[in-house]
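Reading the structure
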Amino acid sequence: MTSSHTDCHFCLQSLRGRKYALREENAYCVPCYDSLYANPCEECKQPIECNSKDLAYKGRHWHEGCFRCAKCSRSLVEKPFAAKDEVLLCTECYSDEYSSKCVHCQKTIMPGSRKMEFKGSSWHESCFVCQYCQQPLGTKPLITKDNENYCVPCFEKQFAHHCYACKKVITSGGVTYHDQPWHKECFVCAGCKTQLSGQRFISKDEYPYCVDCFSRFYAKKCAACKKPITALGGAKYVSFEERQWHGECFNCTKCSVSLVGQEFLTRQDDILCHKCGSA
């Protein structure tokens, strides 16, 4: 022992034959060291003497015997624990109080274990699996049907429709036409290829056409106004000797009175009411 360690640095009493503690190369007798430097215990508030084990967590200190769960009082020494509002709890008590339960197995998701969350619910990582192939979903894309989760390949295999036009899977939305599923973007006019989803259209030979294309390609022309007769919305039209008229266009050529449901006469290409035709 060097001459600098023969006396207590604080009380100056001899350290010969006595236990002492070193701090910053200075020697202290045990009573002086404890009174000057011992940390107070968070539990019992007594100093943690230099001959006792000092357990520290986030700047706080405990005697070994005081380092216990605040709820069940079991020792936390060399055991996993959790902190809530600066209170120490064993993992079992913490789980009972604060941990969420897995919606699949209904067991507690223990602190420190990986938790998967989706649509406000929680799963153990091992429980968050595809309903069909039972493989973990992790962070992979998934599709939910009837509150069950599926990986994309399994969902497509089990449930998905294939577009009548492009033959690819329809994962959401879609249009049904002639009992066949279509992507909205694939359901287009057979003439101009304009998307028809949410629009008026007319069927011809099992193909959909927008009103303009149908009128251009197939609709008969009114003998009076020369515009197409599409009969959209149940509109009435009149047909006579291979000629057609819109209901509102079927009028006497001379006096313009409506001839719908009335007797009429023809003179070359004109149609006339009975009065004008007899004049």
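Residues numbered from 1 in each chain as written. Predicted model: local features only at pLDDT ≥ 70, side-chain atom pairs only at ≥ 80, totals over all residues. Heavy atoms only, no water.

**Quick notes on the UniProt feature "domain: LIM zinc-binding" (unreviewed entry) in the chain**
Taking the UniProt record as the reference, the feature "domain: LIM zinc-binding" (unreviewed entry) is found at residues 39-99, 100-161 and 220-279. With 13% helix and 26% strand, residues 39-99 has its two end C-alpha atoms placed 33 Å apart. (UniProt positions renumbered as here; feature names shortened; annotations may be inferred. Helix = DSSP H or I, 4+ residues; strand = E, 2+ residues; numbered from the N terminus.)

**Concerning the packing of aromatic side chains**
In this structure the tally under the stated criterion is 20 aromatic pairs. Ring centres of Trp182 and Phe187 lie 5.4 Å apart, and the angle between their planes is 75 degrees; this geometry places the pair in the edge-to-face category. Judged on exposure class, the residue Trp182 and its partner Phe187 are both buried. Through pairs of rings, three or more aromatic residues link up here, namely Tyr164, Tyr177, Trp182, Phe187 and Phe201. Directly above the aromatic system of Tyr37 lies the positively charged group of Arg23, at a separation of 4.0 Å from the ring centroid. The residue whose ring lies beneath Lys145 is Phe159, and the NZ or CZ to ring-centre distance is 5.2 Å. (Phe/Tyr/Trp six-rings, centres within 6.5 Å; stacked < 30°, edge-to-face > 60°. Buried < 20%, exposed > 50% of the residue type's maximum accessible area, 1.4 Å probe, protein only. Lys NZ or Arg CZ within 6 Å of the ring centre and 35° of its normal.)

**Some words on the environment of Lys184**
As for its placement among the helices and strands, Lys184 is situated in the loop between β14 (180-182) and β15 (201-204). Relative accessible area serves as the criterion here: at 42%, Lys184 is assigned to the partly exposed category. Residues Lys184 and Gly173, eleven residues apart in the sequence, show an inter-C-alpha distance of 7.5 Å. Residues within four places of Lys184 in sequence aside, it is in contact with Gly174, Val175, Gln195 and Ser197. (Contact = heavy atoms within 4.5 Å.)

**Description of helix α2 (residues 91-98)**
Among all positions of α2, only Thr91, Cys93, Tyr94 and Ser95 are buried. Each element contacted by the buried residues of α2 is listed here: β5 (81-84) and β6 (87-90).

**Here we look at unusual backbone geometry**
At His178, a position not held by glycine, the phi torsion is positive, near 55 degrees. Inspection of the secondary structure puts His178 in the loop between β13 (175-177) and β14. The phi dihedral of Lys226 falls on the positive side, at around 65 degrees, and the residue is not glycine. On the secondary structure map, Lys226 appears in the loop between β17 (220-221) and β18 (228-229). Note on Lys226: relative accessible area 56%, which makes it exposed.

**Remarks on the domain arrangement of the chain**
How big an interface is tends to be stated in terms of accessible area lost as the parts join. By domain assignment, the chain separates into domain 1 (20-89), domain 2 (99-128), domain 3 (130-159), domain 4 (174-217) and domain 5 (222-278). A straight line from the C-alpha centre of domain 2 to that of domain 4 covers 47 Å. (Domains from an automatic or database assignment.)

**Looking at the environment of Pro208**
Mapped onto the fold, Pro208 is located in strand β16 (residues 207-210). Sequence separation between Pro208 and Lys84 is 124 residues, and the spatial gap between their C-alpha atoms is 64 Å. Aside from chain neighbours lying at most four places away, what touches Pro208 is Tyr177, Phe187, Val188, Cys189, Ala190, Leu196, Phe201 and Ile202.

**Comments concerning the pattern of salt bridges**
Taken as a whole and assessed by the stated rule, the structure comprises five salt bridges. One salt bridge connects Glu43 with Arg68, and the closest N-O pair in it is separated by 3.7 Å. Taken as a pair, Glu43 in the loop between α1 (30-37) and β3 (54-57) and Arg68 in the loop between β4 (60-63) and β5 lie far apart in primary sequence, 25 residues in all. We classify Glu43 as partly exposed; its relative accessible area is 45%. For Arg68, a relative accessible area of 37% translates into the label partly exposed. (Salt bridge = Lys/Arg side-chain N within 4 Å of Asp/Glu carboxyl O.)

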